[in-house]
Amino acid sequence: MATFTIRGMSRRSGLSEPTLRYYEDVGLLGPVARDENSGHRRYDERDLDTAEILACLRAVGVGIEDMRAYLANRARGRTAAAEQRDLLLRYAERVEAELAARRVRLTYLREKAALWDARDRGDGAAEKHITDRLLETVGRLEATR
């Protein structure tokens, strides 16, 4: 079975070396084998699989406790399927809310640019119309906070 140093594991998983150490410290990864002579960590394929899962969960904003729950549910298999689904759907809803907030911020930036474009052209009617839309957008921005 192939083994990896912490550097190799970091490169393969996308997690930094300090993150790998931290995940080991908090019990998300490991126990990790050690080289008998040097004491350096030696990760195996199973560790790599877990690290890749953790990297994906981290990328979508899953916290440590929910990562722990995800791994425990994964080990339980089908009996934990409903819990696993619910955990993932909670984060999907959070990502959807973040996307909606980003869309409002994008609209704000585009409306603001359009306002300055109208000012640059000296188009007062367009400026008034855009200002009205911008005020609506600002209200939506405040609602996303």
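Scroll up to find the structure.
Residues numbered from 1 in each chain as written. Predicted model: local features only at pLDDT ≥ 70, side-chain atom pairs only at ≥ 80, totals over all residues. Heavy atoms only, no water.

A. The sheet that holds strand 3 (residues 41-44), seen in detail. Strands sit in the order 1-3-2 across an open sheet of three strands; the sheet is antiparallel. The sheet is open, and its two edges are formed by strand 1 (3-4) and strand 2 (33-34), each paired on a single side. Pairing geometry for strand 2 and strand 3, over two bridges, is antiparallel. Bridged to Ala 33 within strand 3 is Arg 42. (Pairing = 2+ DSSP bridges. Helix = DSSP H or I, 4+ residues; strand = E, 2+ residues; numbered from the N terminus.)

B. Region of the structure containing the nonpolar core. Core analysis: the biggest nonpolar cluster contains 22 residues, and Met 9, Leu 15, Leu 20, Tyr 23, Tyr 43, Leu 54 and Met 67 have the highest contact counts within it. Every element with two or more residues in this core is listed here: helix 1 (6-13), helix 2 (17-25), helix 3 (45-59), helix 4 (64-76) and helix 5 (81-121). If we ignore the near neighbours within four places in the chain, the residues touching Leu 20 are Ile 6, Met 9, Ser 10, Ser 13, Leu 15, Leu 29, Tyr 43 and Ala 51. (Core = buried A, V, L, I, M, F, W, Y, C linked by side-chain atoms within 4.5 Å. Buried < 20%, exposed > 50% of the residue type's maximum accessible area, 1.4 Å probe, protein only. Contact = heavy atoms within 4.5 Å.)

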